[in-house]
Amino acid sequence: MGERKNSLRGRMILSFLLIVAIAVVSFMIISINRSSRAIKETSVDYTLQLIQMMNENIEFYIENMENISQIVISNSDVRNYLLAEENAKEYLTKVEEQFITLKETRKDIYNIGVLGVNGNYLINDRTVAVNNNIKWEEMEWYSKTVEEQETIYSSHVQNIVSKEYPWVVTLSKTITNPLNNETIGIFFVDLNYWAISNLAEEMKLGQKGYVYIVDAAGEIVYHPKQQLIYSGLWEEEIIPAEHQDQDTAAWETSTKLYTAMKLEVTGWRVIGVTDLDEMLSSTNEIIMMYYLLAVILIGVAMLLAVLLTDKITLPLRRLQESMQEVESGNFKVDVIEGASRDEIGDLIGTFRMMIQEIENLIRRNYKEQEEKRKSELNALQAQINPHFLYNTLDSIIWMAEDGNTYDVVLMTSSLSKLLRKSISNQNELVTVSEELEYTRSYLTIQKMRYKDKLKYSINIEPAVADMEIIKLIVQPLVENAIYHGIKYKGGIGTIIIEAGYKEKGLIIRVIDDGYGMTEEQLEHIFDQKETDERNNGVGVRNVHQRIQLYYGEAYGLRIISKIGQGTIASIYLPVGSGGCNDT
Amino acid sequence: MIHKKSSSQKFILLIIVLTVLAAAVPYAIFRNYQEEQAGKKVSIVFISKRLDENNDFWSSMVEGINMAASEYDIDVQLMGPESEADYEAQNKMIEEAIAMKPDAIALVPSDYSITVPYAKKIEEAGIKLVLMDSVMEEELGLCVVATDNVEGGKKMGEYLKQYADSSSAIGIIAQSPTASTAIDREEGVRKGLGEYQSRIMEVAYCYSDAEKAYEETIKIMEKYPQINMIIGLNEDSAIGAARALKDLGLSGQTWIIGFDSSMEQVQMLEEGVFNAIVVQKPLNMGYLGIKTAYQAVMNGAVEQSIDSGSELITQETIYTKENEKLLFPFQQTQE
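Residues numbered from 1 in each chain as written. Chains lettered and ligands numbered in written order. Predicted model: local features only at pLDDT ≥ 70, side-chain atom pairs only at ≥ 80, totals over all residues.

Asker: Just to check I follow, could you spell out the overall build of chain A for this structure?
Answerer: Counting its regular elements, chain A contains 14 helices and 17 strands. In chain A, once contacts between residues fewer than 6 apart in sequence are set aside, the share between residues at least 24 apart is 66%. (Helix = DSSP H or I, 4+ residues; strand = E, 2+ residues; numbered from the N terminus. Contact = placed C-beta atoms within 7 Å.)

Structure representation (structure tokens):
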């Protein structure tokens, strides 16, 4: 990984990851959404249950007030008292007794009273001093009762008793004369407001949650921050218009969740408020949990991606490596066996076949090249100069005519050796000593022909005697020395042949003290144009070509010559027989 | 091949390390944040001039304080001597509060000058100081949350101005010549009266003693029988003056208007002794005071002066929904 920016594997991992990440993240978002919605729904349900309980409690209080009102209104003594002009005291005592009993049973009842149109009245008991500073007829709850016959007047300060200003909820009803249906007075019962506010205060909706109550007209019955609302320090949409007619409703602002329920008896509404932040603080934990889950999932996905793509791309990468090897010339690469039977497997099979095909082609090409070289080499291999053969045979004839039998035998056997070597095609290579032996035969013949005009010596360093070299490379040089050097020299000519090491190479020198060659001659000695059949110029060039063909361009022939002094022809060869084209 | 395999293994290791990091680091941060949130409650100490459940003014203020405390999730500690005059006890409490190292202290200074060095100590300790209800001779604290007494006084003056004429004579009973509240209210009264402020015959001082206010009123009435309007600048002054007028048989004839709203004042208003009273809003003051202290802790900057408001109430407006709340605290009915 990482060795290449756009590697197939990298892209596979990336796309794999992308798919997994998208899946995981959308799963996360949906789940979180769902769970926060579920939390809200649960909260609404829970709040509704609490409100339901609270409603039942409130209804219990209201029903209780209702019961008291039924008891009092149906009491004939009450009516009689309100109608009475005389004997009022008698009725009053009875009514008072009832009031005292009723008040004793219920601690949450603050006042019970009847207020007669004729001025007779009773509040709780006779000891109670009425507040003279106000007229109850002017109070709103009173006028409302007259108007509606029956009313529940929500939270207000009851000022009817002197020096007492309790917060109450008042249930009041008109009392009528059954005979003529005329209103003869008003009954009222005050429920201690504390009973209701306490219910609301005690209802816990988290740290920041609270409950408030509004009456049917939308006026606040209880709100923990009622005064702040009146002062404009706290804002609350008490009940949105669209939810006004619903029995239960839930709505939310940016920070709060409202759950409302209507009280059947009074038309009041209890509204529970939950702080969204507080409620959803648990969602933070859920989000965290989902996040952790997502991270782990993506981590596992990454691992899988790496392992899977590793497996998928492994044969591909091996193939790539093999191709690189092939590129660098090694056809013997081991292209993995047992590759999968998929597209990559097919690709590998094809590649393997291709390599074999290429290898075959190369091999064939090489063979052809080799054959071509061999035939060239053969073609170049020097033949015995026919002039030489002819001259030698002539010499033999003369010697035979002279009866010089010994010389005839010597020359004939030398010629025979010469010919045998020359025609034996078995081996390209001979040892240095064999090669020089052959040269010696040639020199023997030439010496006999030139009589005393030629002297020669052959020196072989023992270390190089058994080294193999291509054959027939020394004799042409000797021939050249004789025909170009010794032949034109007056007096005795000497040829020295040396074979030995020099500078880690094998060197064979043919040195003569003959006439020498001009610079022009030297320059053209390897030149094909200057062929001189008779003088065997072909031979020298041929030697050079063959050496180079066999051993490479680093080797070959060098000739130094000076007119009147002689010529040195040096053959440079590598040590050992190994030519560059060795098969 | 071997090299590649090891790089693949390195990659797997890297993924595992990254996954663990990606999971562990945010988780640790989250936990840390949660713990911080839990431990990072703002703490405020409220030091009152008087901590008395039976006093409507101070208990309403505490009610407002509790509202703000629960709304902003503040840890509020309440302190205060039983008597308003006990500045020594309050000074000790200030020192105690400083030792508690709260984020802020909301202080109702007991004394105009004696409390000054103690309030300074609060600021020196690097604790945010918010003053409530009263100020001191030196300007201290980030903010003062109080009834705008000039404004309250002005309401009284403006009310009386409607019924005054050039023959009117006005007497004022004030709590003290040095109390900032008295000075401000008197200034407000004069503003409200406008051209009739020249009709103020005398300003008498009762030193927050209703008995003394009673005596002073009688003295003034003897001295200036033409006085037909009396103004009481605080609860004691107003009650003393009202009682005196009642005893002199002048209620209903002589206009009287007072500051504050004790039960007795409200009854006398209902009775018709008082023509009007100006009530403060201690609940609002407590709420705003703590809210402001909280904001000072959270944001640093707050308004220098916040008016918690006042309301002029006449016999006719006692039982409106809004005023009922101001005049009759719930505690009255609790058993």
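Asker: Help me understand the overall build of chain B in this model?
Answerer: Looking only at helices and strands, chain B features 11 helices and 12 strands. Considering chain B as a whole, with its 335 residues, one finds that 49% of them fall into the buried category. Here the contacts in chain B between residues at least 6 apart in sequence split such that 74% fall between residues at least 24 apart. (Buried ≥ 20, exposed ≤ 12 C-beta atoms within 10 Å, placed from the backbone.)

Asker: For this particular structure, what's the right way to read the sheet that holds strand β12 (residues 310–314) of chain B?
Answerer: Strand pairing in a sheet relies on backbone hydrogen bonds, with the paired strands running either antiparallel or parallel. Residue and element names in this part refer to chain B. Taken together, the six strands give an open sheet; going across it, the order is β7-β6-β8-β9-β10-β12, and neighbouring strands pair in mixed fashion. The open sheet has two edge strands, β7 (200–205) and β12, and neither has a second partner. When the angles between neighbouring strand axes are averaged without regard to direction, this sheet yields 15°. Of the strands in this sheet, β6 (170–174), β7, β8 (229–232) and β9 (255–259) are in contact with helix α6 (residues 180–193), which crosses β6 at around 160°. (Pairing = 2+ DSSP bridges. Axes fitted to C-alpha atoms, helices over the stretch in contact; angles between N-to-C directions.)

Asker: Teacher, can you tell me more about the packing of helix α5 (residues 149–161) of chain B against α6 of chain B here?
Answerer: For any two helices packed against each other, the geometry is given by the interaxial angle and the distance between the axes. Residues and elements named next belong to chain B. In the contact formed by α5 and α6, the axes pass within 6 Å of each other and the chain directions differ by 35°. Considering how the two elements wind past one another, α5 and α6 form a crossing that is right-handed. Between α5 and α6, the residues in contact are N149, V150, E151, G152, G153, K154, K155, M156, G157, E158, L160 and K161 and T181, D184, R185, E186, E187, G188, V189, R190, K191, G192 and L193, respectively. When grouped by side-chain class, the residues that make up the contact of α5 with α6 number five nonpolar, seven polar and 11 charged. (Left-handed = near helix turned anticlockwise from the far one by under 90°. Nonpolar A, V, L, I, M, F, W, Y, C, P; charged D, E, K, R; others polar.)

Asker: Where do I start with unusual backbone geometry in this structure?
Answerer: Leave glycine aside and you will find that most residues have negative phi; peptide bonds, for their part, are mostly trans. Even without being glycine, K163 of chain A reaches a positive phi, approximately 60°. Tracing the backbone through its elements, the reader meets K163 of chain A in the loop between β3 (150–157) and β4 (167–176).

Asker: I'm lost on the interface of chain A and chain B in this one. Help?
Answerer: How big an interface is tends to be stated in terms of accessible area lost as the parts join. In this complex, chain A contributes 34 residues to the contact, which on the side of chain B involves 32 residues. Element by element, the count of residues in the side of chain A that touches chain B is highest for helix α7 (residues 276–327) of chain A, at 10 residues. A per-class count over the side of chain A that touches chain B returns 20 nonpolar, 10 polar and four charged.

Asker: How do you make sense of helix α4 (residues 116–124) of chain B when you look at a structure like this?
Answerer: Structurally, the α-helix is built with 3.6 residues per turn, so residues lying three or four positions apart point the same way. Residue and element names in this part refer to chain B. Here α4 has its buried residues at Y118, A119 and I122. Down the axis of α4, the buried side of the element spans an arc of 100°, and every buried residue falls inside it. What points out from α4, more than 90 degrees from its buried face, is the exposed set P117 and E124. Its buried side turned inward, α4 meets α3 (87–99), β3 (104–107) and β4 (128–132). The first or second residue beyond α4 is G126, which carries a positive phi of 80°. (Arc of directions from axis to C-beta.)

Asker: Would you explain the packing of helix α2 (residues 76–83) of chain A against helix α3 (residues 88–105) of chain A in this entry?
Answerer: Residue and element names in this part refer to chain A. In the contact formed by α2 and α3, the axes pass within 9 Å of each other and the chain directions differ by 145°. Once α2 is placed against α3, the crossing between them reads as left-handed. In this structure, α2 uses D77, V78, N80 and Y81 to contact α3, whose residues at the interface are A88, Y91, L92, K94 and V95. Considered class by class, the residues forming the contact of α2 with α3 number six nonpolar, one polar and two charged.

Asker: Explain the pairing of strand β8 (residues 248–252) of chain A here, please?
Answerer: Each regular strand carries side chains that alternate between the two faces of the sheet. All names here are of chain A. Examined bridge by bridge, β8 and strand β9 (residues 256–262) share five bridges and lie antiparallel to one another. Bridge pairing in β9 links E252 to L257. Where β8 hands over to β9, the hairpin turn is made up of three residues, counted between the paired strands.

Asker: What exactly am I supposed to notice about the confidence of the model for chain B here?
Answerer: The predicted coordinates ought not to be read in detail in places where the model reports low pLDDT. When the pLDDT values of chain B are averaged, the result is 89; 96% of them are 70 or greater. Confidence estimates for the predicted assembly give a pTM of 0.66 and an ipTM of 0.84. (pLDDT = per-residue confidence, 0-100.)

Asker: Explain the environment of A244 of chain B here, please?
Answerer: All names here are of chain B. Residue placement: A244 occurs in helix α8 (residues 235–247). Residue A244 is classed as buried on the basis of its 25 C-beta neighbours within 10 Å. Between the C-alpha atoms of A244 and M221, which are 23 residues apart in sequence, the distance is 9.5 Å. For A244, the contacting residues outside a window of four places in its chain are Y214, T217 and I218.

Asker: Sorry if this is basic, but what is going on with the confidence of the model for chain A here?
Answerer: Confidence in the prediction for chain A averages 84 pLDDT; 93% of positions are at 70 or higher. Note on residues 578–583 of chain A: pLDDT is under 50 here. Beyond four places in sequence and across chains, it has seven contacts.

Asker: Please explain the environment of H544 of chain A as it appears in this structure.
Answerer: For H544 of chain A, the position within the fold is in helix α14 (residues 537–551). H544 of chain A has contacts with F526, G556 and L557 of chain A, leaving out every residue within four places of it along the chain.

Asker: How do you make sense of the sheet that holds strand β10 (residues 269–275) of chain A when you look at a structure like this?
Answerer: Residue and element names in this part refer to chain A. One open sheet holds the five strands; their spatial order is β7-β6-β10-β9-β8, and the pairing between them is antiparallel. Each edge of the open sheet is held by one strand with a lone partner, namely β7 (220–222) and β8. The mean inter-strand angle of the sheet, taken between neighbouring strand axes irrespective of direction, is 25°. The pairing of strand β6 (residues 210–214) with β7 spans two bridges and is antiparallel. Bridge pairing links I213 to Y222 in β7. Sitting on the sheet, helix α1 (residues 8–73) is in contact with β8, β9 and β10, with an inclination near 40° to β9. The sheet contacts of α7 involve β8, β9 and β10, and relative to β10 the element is tilted by about 50°.

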